[in-house]
Amino acid sequence: MRRLGDGAIHLFMAAWAVMVAFPLVWAVLSSLKTDQQILTSPWSLPDRPHLENWARAWEQASIGKYFLNSLVVVGGALVLTMLLGSLVAYALARYSFPGNRFLYYLFVSGMLFPMFLALVPLFFVVKQLGLLGSYPGLILVYTAYALPFTVFFLTGFFRTLPNEVAESAALDGCSHSGIFFRVMLPMARPGLISVGIFNFLGLWNQYLLPLVLNPDPANYVLAQGLAALSVSQGYRGDFSGLFAGLTIAMLPVLVVYLVFQRRIRSGLTAGAVR
């Protein structure tokens, strides 16, 4: 019975993997076809790789510009989120002070608050600050969006680290900031990498926030650019260019996951076991 149950689980997981991977593989193969092949033979392999579709999407459809905008915004938000989130999480995990638990649950409650309820007041706040449609405005909003999860994850992770190392560093004359940056932060590297990857995946695919706070087409991030591309290329019938743009947008996410998948698992395990 146990083998039968394991076999059923493995069969279900294999079927689920096929269901998830098939649309991705189909989109990549379609990006290497001509429009005629996509319409007449949607399930066949391309006769040859039509890489000019990618070049056309990168240059003529401005996917390259949108890609660079996303790198700037997501990269800046990740740096700010990891710095502020690790500082807050370390203080909440290592120091006892009045209001410690209140602050912790305040950050946790931020994970439960529906984002769409804050869009209207957030729009007016960003507009009054003069940051509407700018890189700094999006970076700050992305940082605020990612901080609750970052603090929640890293607080539990910092609690698992041994106190003896920090105490030894303090006895050797190391300051509080020195203990954090030189001792505890390197020890927390698995957790930092894990939460950084999760934040990257979430921020890279973010669409609702830039849609409201980034109305300038010159500053569109990749999700906005793909939405505009789907409309324009759909009317023009350039489906190969559309699939090429989708594939370009997917590649960073796939590469990050494939390269760091072991880091994700090790970080989650280390943060869950004391």
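As a starting point, this report considers the structure included with it. (Residues numbered from 1 in each chain as written. Predicted model: local features only at pLDDT ≥ 70, side-chain atom pairs only at ≥ 80, totals over all residues. Heavy atoms only, no water.)

## Quick notes on the side chain of Asn-53
Counting through the fold element by element, Asn-53 comes out in helix α3 (residues 52-59). At 2.7 Å, the side chain of Asn-53 and the backbone oxygen of Lys-33 are in polar contact. Aside from chain neighbours lying at most four places away, what touches Asn-53 is Ser-31, Leu-32, Lys-33, Ser-240, Gly-241 and Ala-244. (Helix = DSSP H or I, 4+ residues; strand = E, 2+ residues; numbered from the N terminus. Polar contact = N/O pair within 3.5 Å; in protein donor to acceptor, adjacent residues only side chain to side chain. Contact = heavy atoms within 4.5 Å.)

## A closer look at the nonpolar core
Counting 33 residues, the largest nonpolar core has Ile-63, Val-74, Tyr-142, Phe-200, Trp-204 and Leu-222 as its most contacted members. Of all elements in the fold, only α4 (63-94), α6 (119-128), α7 (135-160), α10 (189-204), α11 (208-213), α12 (222-236) and α13 (239-272) reach the threshold of two or more residues within this core. At seven residues, α4 tops the list of elements feeding residues into this core. Leave out the neighbours within four places in its chain, and Val-74 touches Tyr-142, Phe-200, Leu-203 and Trp-204. Formed by 19 residues, the second largest nonpolar core is a distinct cluster that contains Ala-169, Val-183, Leu-192 and Val-195. (Core = buried A, V, L, I, M, F, W, Y, C linked by side-chain atoms within 4.5 Å. Buried < 20%, exposed > 50% of the residue type's maximum accessible area, 1.4 Å probe, protein only.)

## Describing the packing of α4 against helix α9 (residues 176-187)
Closest axis-to-axis distance for the α4/α9 pair is 12 Å, and the angle between their directions is 95°. By the criterion of interaxial angle, the relationship of α4 to α9 is roughly perpendicular. Residue-level contacts link Leu-83, Ser-86, Leu-87, Tyr-90 and Arg-94 of α4 to Ile-179, Phe-180, Phe-181, Met-184 and Leu-185 of α9. Along the lines of polarity and charge, the residues of the contact of α4 with α9 split into eight nonpolar, one polar and one charged. (Axes fitted to C-alpha atoms, helices over the stretch in contact; angles between N-to-C directions. Parallel < 35°, antiparallel > 145°, perpendicular 65-115°, else oblique. Nonpolar A, V, L, I, M, F, W, Y, C, P; charged D, E, K, R; others polar.)

## As for the side chain of Thr-81
Position of Thr-81 relative to the elements: it lies in helix α4. By relative accessible area, which is 0% here, Thr-81 ends up buried. A polar contact is formed between the side chain of Thr-81 and the backbone oxygen of Ala-77, at a distance of 2.6 Å. Sequence-distant contacts of Thr-81, defined by excluding residues within four places in its chain, comprise Ser-86, Tyr-142, Thr-143, Ala-146, Leu-147, Thr-150 and Asn-199.

## Some remarks on the environment of Gln-224
Counting through the fold element by element, Gln-224 comes out in helix α12. Here Gln-224 falls in the buried class, since its relative accessible area comes to 4%. Gln-224 sits 18 residues away from Leu-242 along the chain, and the two C-alpha atoms are 13 Å apart. A distance of 3.0 Å separates a polar atom in the side chain of Gln-224 from the backbone oxygen of Pro-210.

## Description of helix α5 (residues 100-112)
In this model, α5 (13 residues) spans 19 Å end to end at C-alpha, consistent with the 18 Å of a helix rising 1.5 Å per residue. Asn-100, Tyr-104 and Val-108 are the residues of α5 that are buried. Looking straight down α5, one finds its buried side chains confined to an arc of 55°; they lie on one side. Facing away from the buried side of α5 by more than 90 degrees, the exposed set consists of Phe-102 and Leu-112. (Expected span 1.5 Å × (residues − 1). Arc of directions from axis to C-beta.)

## Remarks on the packing of aromatic side chains
Tallying each qualifying case throughout the model produces 16 aromatic pairs. Ring geometry for Trp-26 and Phe-243: centres 5.2 Å apart, planes at 85°, overall edge-to-face. One end of the pair, Trp-26, is in helix α1 (residues 2-30); the other, Phe-243, is in helix α13, and 217 residues separate them in sequence. On the basis of relative accessible area, Phe-243 is assigned to the buried category, the value being 13%. (Phe/Tyr/Trp six-rings, centres within 6.5 Å; stacked < 30°, edge-to-face > 60°.)

## Description of a nonpolar patch on the surface
A cluster of nonpolar side chains, contributed by Ile-9, Phe-12, Met-13, Trp-16, Met-19, Val-20, Leu-24, Leu-251, Leu-254, Tyr-257 and Leu-258, occupies part of the molecular surface with about 1100 Å² of accessible area. Elements represented by at least two residues in the nonpolar patch include exactly α1 and α13. Element by element, the count of residues in the nonpolar patch is highest for α1, at seven residues. (Patch = residues over 30% accessible without salt bridge, like charges linked within 9 Å, V, L, I, M, F, W, Y side chains within 5 Å. Areas by Shrake-Rupley, 256 points an atom, 1.4 Å probe, with all protein chains shown as cover. Salt bridge = Lys/Arg side-chain N within 4 Å of Asp/Glu carboxyl O.)

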